Amino acid sequence: MRTSKTIHVISAHAEGEVGDVIVGGVTPPPGETIWEQSRWIARDGVLRNFVLNEPRGGVFRHVNLLVPPKHTEADAAFIIMEPEDTPPMSGSNSICVSTVLLDSGIVPMTEPETHLVLEAPGGLVRVRAECRDGKAERIFVQNLPSFAAKLDARLEVEGLGTLTVDTAYGGDSFVFVDARALGFGLTADEAHDIATLGVRITRAGTEQLGFHHPENPDWRHFSFCLFAGPVTREGTELRAGAAVAIRPGKVDRSPTGTALSARMAVLHARGEMGMEDRLTAVSLIGSTFQGRIVGTTTVGGHPAILPEISGRGWITGIHQHMLDPSDPWPEGYRLSDTWGAR
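All residue numbers here refer to positions counted from 1 along the written sequence of the relevant chain. This being a predicted model, a pLDDT of at least 70 is required before a residue's local features are given, and a value of 80 or more before pairs of side-chain atoms are given or counted; all residues contribute to the totals for chains, interfaces and linings. Based on all heavy atoms of the structure, the side-chain values leave hydrogens and waters out of the count.

A. Structural context of the overall build of the protein chain. Helix and strand labels come from DSSP, where a helix needs a run of H or I of at least four residues and a strand needs a run of E of at least two; each type is numbered from the N terminus. If you tally the helices and strands in the protein chain, you get six helices and 19 strands. Taken against the 2.2 N^0.38 rule, which gives 20 Å for 342 residues, the C-alpha radius of gyration of the protein chain at 19 Å falls within 12% of a compact globule. Expressed along its principal axes, the backbone C-alpha trace of the protein chain runs to roughly 55 × 45 × 40 Å. Relative accessibility under 20% of the residue-type maximum defines a buried residue, over 50% an exposed one, and the middle range a partly exposed one, all with a 1.4 Å probe and only protein chains included. When burial is assessed residue by residue, the protein chain has 55% of its 342 residues classed as buried. Residue contacts are counted whenever heavy atoms from the two residues lie within 4.5 Å of one another. Expressed as a percentage of contacts within the protein chain between residues at least 6 apart in sequence, the contacts between residues at least 24 apart total 64%. Split by element, the accessible area of the protein chain, about 14,200 Å² in all, is 50% carbon and sulfur. We compute the radius of gyration over the C-alpha atoms and compare it with the globule rule, which gives 2.2 Å times the number of residues raised to the power 0.38. Surface accessibility follows the Shrake-Rupley procedure with a 1.4 Å probe radius. Residue values consider only the protein chains on display as shielding.

B. A look at the pairing of strand β10 (residues 161–169). Pairing between two strands is assigned when DSSP locates at least 2 bridges connecting them. Bridging between strand β9 (residues 147–157) and β10 involves eight bridges; their strand directions are antiparallel. Bridged to R154 within β10 is T164. Note: β10 against strand β11 (residues 173–178), four bridges, orientation antiparallel. Considered in β11, the bridge of A168 is made with F174. In sequence, β10 turns back onto β11 through a hairpin of three residues, with G171 there showing a positive phi of about 100°.

C. Seen up close, the layout of surface pockets. Only protein atoms enter the 1 Å grid, on which a cavity is a set of points fitting a 1.4 Å probe that cannot get out and a pocket is an open set with protein on both sides within 12 Å along at least 5 of 7 lines, lining residues being those with an atom within 4 Å of a point. Grid points are joined across faces, edges and corners, and a volume is the space filled by probe spheres set on the points. Estimated volume of the largest pocket: approximately 520 Å³. Around the largest pocket, the lining is made up of 27 residues, and of these V199, P248, G249, W339 and G340 lie nearest the centre. Mapped by element, the contributors of at least two residues to the lining of the largest pocket are α4 (191–208), β15 (250–251) and α6 (336–339). Tallying contributions element by element places α4 first for the lining of the largest pocket, with nine residues.

D. A look at the packing of aromatic side chains. Stacked, edge-to-face and tilted labels apply to pairs of Phe, Tyr and Trp rings (six-membered ring for Trp) whose centres lie within 6.5 Å, assigned for plane angles under 30 degrees, over 60, and everything in between, in that order. Counting across every chain of the model gives nine aromatic pairs. Between the aromatic rings of Y169 and F211, the centroid separation amounts to 5.9 Å while the plane-to-plane angle is 15°, which identifies the pairing as stacked. Of the two residues, Y169 is situated in strand β10 and F211 in the loop between α4 and β12 (224–228); the sequence distance between them amounts to 42 residues. Between F184 and F227 the ring centres are 5.5 Å apart and the planes differ by 85°, which places this aromatic pair in the edge-to-face class. Of the two residues, F184 is situated in the loop between β11 and α4 and F227 in strand β12; the sequence distance between them amounts to 43 residues. The pair formed by F184 and F227 is uniform in burial state, with each residue classed as buried. A connected cluster of aromatic rings, assembled from ring pairs, spans F147, Y169, F211 and F222.

Have a look at this one:
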């Protein structure tokens, strides 16, 4: 086989959401910090296009690049590449990365628990993995500090009129809408409508409300729209449906760890969730993430929570992505039938 490039990938998913991990064939990008390296990846676009675009990728795929950590506490670092963004953090991707590191033996596994520190572009996240018989069975991630931004904001969306929305940050930026108020029961057959409508709401949120992270001026947009189901409570156990629309137009197959973190921040800001409570988020395919609040802090003087999320990940394969020098599409291609209208 003739190739001018070979990238080694271990494929994985976390509660249904794909999060492949590049383990070889790519040199670390330039940058003094992981955030700067992620900005270089985003600007350059070559690696993103190669692994995310068709024919190697698709709108359903996320890919993580393992890089040497910059922080002395970190055991490993990763840069997240999603269909339209190169974000500060991702819950499902951090679970995939942790699973790949442990199940493949890149990081030594200790049973019954392994503790490690990962460096995401947005900062350090602390991982606790429940391990048995050589498998990381459940990954617990102490996510980045998360906060409610605007509560009960008014948002005009063409064709829908005026919506009442919340905005929040959970390692990434969200607009929340009430799924039931928009007529959604959060069932699998609604995925297409949720995806297309969610992209419109996300765009409107960025244009009309804007997003500002007090400590990261580079992040000035909303990435996602969370269609939030009603919260039910039995004692300290809370449960809610969750469907997150991801640009350019797909629904997260997992319950979205950053959305769970952001929702806990909103519930805490409203006095509806405390540190004694647990929140289970349920995706359109019935998979779950669990979340709890392990502490409080501030972000740029803004009240925030320290969220912990947990879920399961599985390795699905090992791949070598290659590039034949004669391939007329060295960075792949996108068409609007799956990638959404431009």
